[in-house]
Amino acid sequence: MLIPVSKNINLTIISLGLINFFEELNHSVLFFKPFYELHNCYDVLDDTSLILKKYFSTSFINSHHINKKFFLLEKFKNKYLLENSIDLFLKNKIYYDILLIEGVNNNSHNFLINDLNLDLSYHLKSDLIFVFSHDDYKNIIFFLKKIKNFNISNNFLGIIINNTFLNFQDIYINRVSKHIKSQCIDNIPIIADIRYNCDVLFYPISKILTLLKVHKILKINFNVNVVKLFLFYDNLIFDYEYNYSHSILIISYDIFVHKFIHILKRKLNFFNFYAIILFNVKDCHTLQYGFLKDIKKFNISFFYTLLDINIIKLIINRCHINILKYNQNQLKKLSNYISNCLNEKYIISHTICNKKKYFSHLSSFSFLYNLKKYAKKLNKCILLPEGNELRIIQSAAIANELGIARCVLLGNVDEIHQIALSNNIILSKNINIINPKNIYFNYVHKLVQLRYKKGMTFELAKSIVYHSNIILGSLMLHVGEIDGIVCGVRYTSIDVLKSALQIIGVNKKKNVSLVSSIFFMLLKNHVLVYGDCSVNINPNFQQLSEIAIQSADLSKKFGIEPRIAMLSYSTGLSGQGESVEKVRQATILIKKNRPDLVVDGPIQYDASVNEFISSIKSPSSPLLGQATVLIFPDLNSGNITYKAIQQSLGVYSIGPILQGLNKPVNDLSRGASIDDIVYTIAVTAIQSDQE
């Protein structure tokens, strides 16, 4: 992925150069610009895709069009872009050797755009290249520090300095490039330092003069049609041995009159400009009579413009791509030039072969994206027994809209519709609303059958099923009329767990002896699994090993590679005592029963999740400070930890998710948010998939 750091960095030609580079190595390439700013209603494709379509055979994915005002909106709006971009990425990546992603340009220096680019590169786990101009070295240092916060430093390849169109003198470019190399931290690799080359790039003079809105002061007729070099005079020393033919000097009127005109008089034989354009000329009346008399001696065309220097540079930079769009030969020549400027050995060694593979955490965004996509594919039926609760009704409407489940609400039909109407909630016909009083009798015999050994009578069963939606729902799940249950905004955790154990039961087919729980902790850039933080108070070592194995297997189902840390107050052999020994024995048992799992314990929390601390405290640990499943030794430590992190850091969590049951039943906190309920519905749908 190419991420532009500077304004107007001209990513198109860099993308074309990289595509040319990889295709010459016989790799199939797919180009993808996930989103680009829509400048007018006639834009159909971004510049790079348009050029690929017209002149090249390279495949590309259509971009998302973004209105200029989009990035002024709240940051959460970016979720839509990221989800759609990831979806397109996943659908197409398997068919190509190389997927080249072009980030969105940040010409307005909007921090949301920078974050959007970095977010996307993190979620796609793409190799990352920063592209910037030679006069923007401060920005690259800022970005290099910022990538550490996005946890993408392992994927960072290096930087490309793009001077292709910023055609200043080499003495200036060399000076700035040297400064970059001295200031950049950790010897950041420079993949390419691309210089302006007048042999492969030129501008039609008539086009440039029109765009710069110049006015004639003095015009000399030369047989010249193109500009090969622009010089922006800023007190730099000119190379008097350089041939400045086909060049235009752009200089402030004041500097020209007071300084450069004298240099020009002394060194006239060394300069052969096509023209000089003066800026900061307010109008033609400010031009002095003596000045006009002097310049006639130089035999050089003179123009002036009312535009300031920044606008002039912007116009020249943007002009190139519009010219190149209609010049296939020049495009190919320029893309070959860019390709030859790239550090071939470095790119091949770091992107195609022998690249060091790092363990990659699943990001929280990717986790939620996969969660919704997986649940949507399954199309399961999830029952919500507390159908008359406002949050449940809202969540059912959202879950239906997202397509993550077919929801069933238990409750008074008229009351539910009235609550929805009063709160502007649209209840789709796909949401099945059932009055429990109309169906409860159908399940009384089933409850008697299941619990008769415990003294269950018909009259008692009739009363229980009539008054308890959670019991009724559990019976519906038992007979297979629904795929899962989500409740708990009114029922207590004990109510939910008790009904599940009595009617659904544990999964004896998988030799499960207990029910446990996990929480998905959605940290800023990755997801951790905590277990058991809500069910088992003080499990013994056999139970602790079973909780760990259950948690690892469920993590896999949700796309998280299990790396199990059996937590304790000590690491390795540093501590003794009953609680430490329990964790040690549980770890030994896991290794014996499931040698396929990566596990270590006893280990402290910091050593399990921090690579540096792990290298000091536990250098031989297979976790390497990259644990994803963290098993607490008891309910006390687990519950305190998850709530401390959740409340102090504002971390979003999904759970408790019950595991070990024959069919999925999940509990909600009585303070559960709408998001909590929706995502728990999705999790329950996925748990019900037995494949």
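The structure under discussion appears in the preceding block.
Everything numeric here is computed off the predicted structure, so don't read it as measured data.

Draft legend 1. Region of the structure containing the packing of aromatic side chains. Applying the stated criterion to the full structure yields 14 aromatic pairs. Taken together, a centroid distance of 5.2 Å and an interplanar angle of 80° make the contact between F21 and F22 edge-to-face. A residue is classified by how much of its surface remains accessible, and F22, at 6% relative accessible area, is buried. Here F256 and F260 contribute two aromatic rings whose centre-to-centre distance is 6.1 Å and whose plane-to-plane angle is 45°, an arrangement assigned as tilted. Pair noted here: F256 and F260 are both in helix α8 (residues 253-266), with a separation of 4 residues, about one helical turn. For the residue pair F256 and F260, the accessibility class agrees, reading buried in each case. Put simply, the rings of Y440, F441, F458 and Y466 touch in pairs and so form one group of aromatic residues.

Draft legend 2. How the structure looks around the side chain of S395. Structurally, S395 is set in helix α14 (residues 390-402). Among the residues examined, S395 registers a relative accessible area of 0% and is labelled buried. Those residues within four positions of S395 in sequence are excluded, and the remaining contacts are I674, I677, V678 and I681.

Draft legend 3. Local environment of unusual backbone geometry. Across the junction of G601 and P602, the peptide omega takes the value -5°, indicating a cis bond. Tracing the backbone shows P602 in strand β24 (residues 598-603). Geometrically, the link from G655 to P656 is a cis peptide bond, its omega value of 5° lying close to zero. Locating P656 in the fold gives a position in strand β26 (residues 652-659). The backbone of N26 shows a phi angle near 65°, a positive value even though the residue is not glycine. Backbone geometry places N424, a non-glycine residue, at a positive phi of 55°. Mapping N424 onto the fold places it in the loop between α15 (413-422) and β19 (432-434). For N424, a relative accessible area of 73% corresponds to the exposed category.

Definitions and limits used
Residues numbered from 1 in each chain as written. Predicted model: local features only at pLDDT ≥ 70, side-chain atom pairs only at ≥ 80, totals over all residues. Heavy atoms only, no water. Phe/Tyr/Trp six-rings, centres within 6.5 Å; stacked < 30°, edge-to-face > 60°. Buried < 20%, exposed > 50% of the residue type's maximum accessible area, 1.4 Å probe, protein only. Helix = DSSP H or I, 4+ residues; strand = E, 2+ residues; numbered from the N terminus. Contact = heavy atoms within 4.5 Å.

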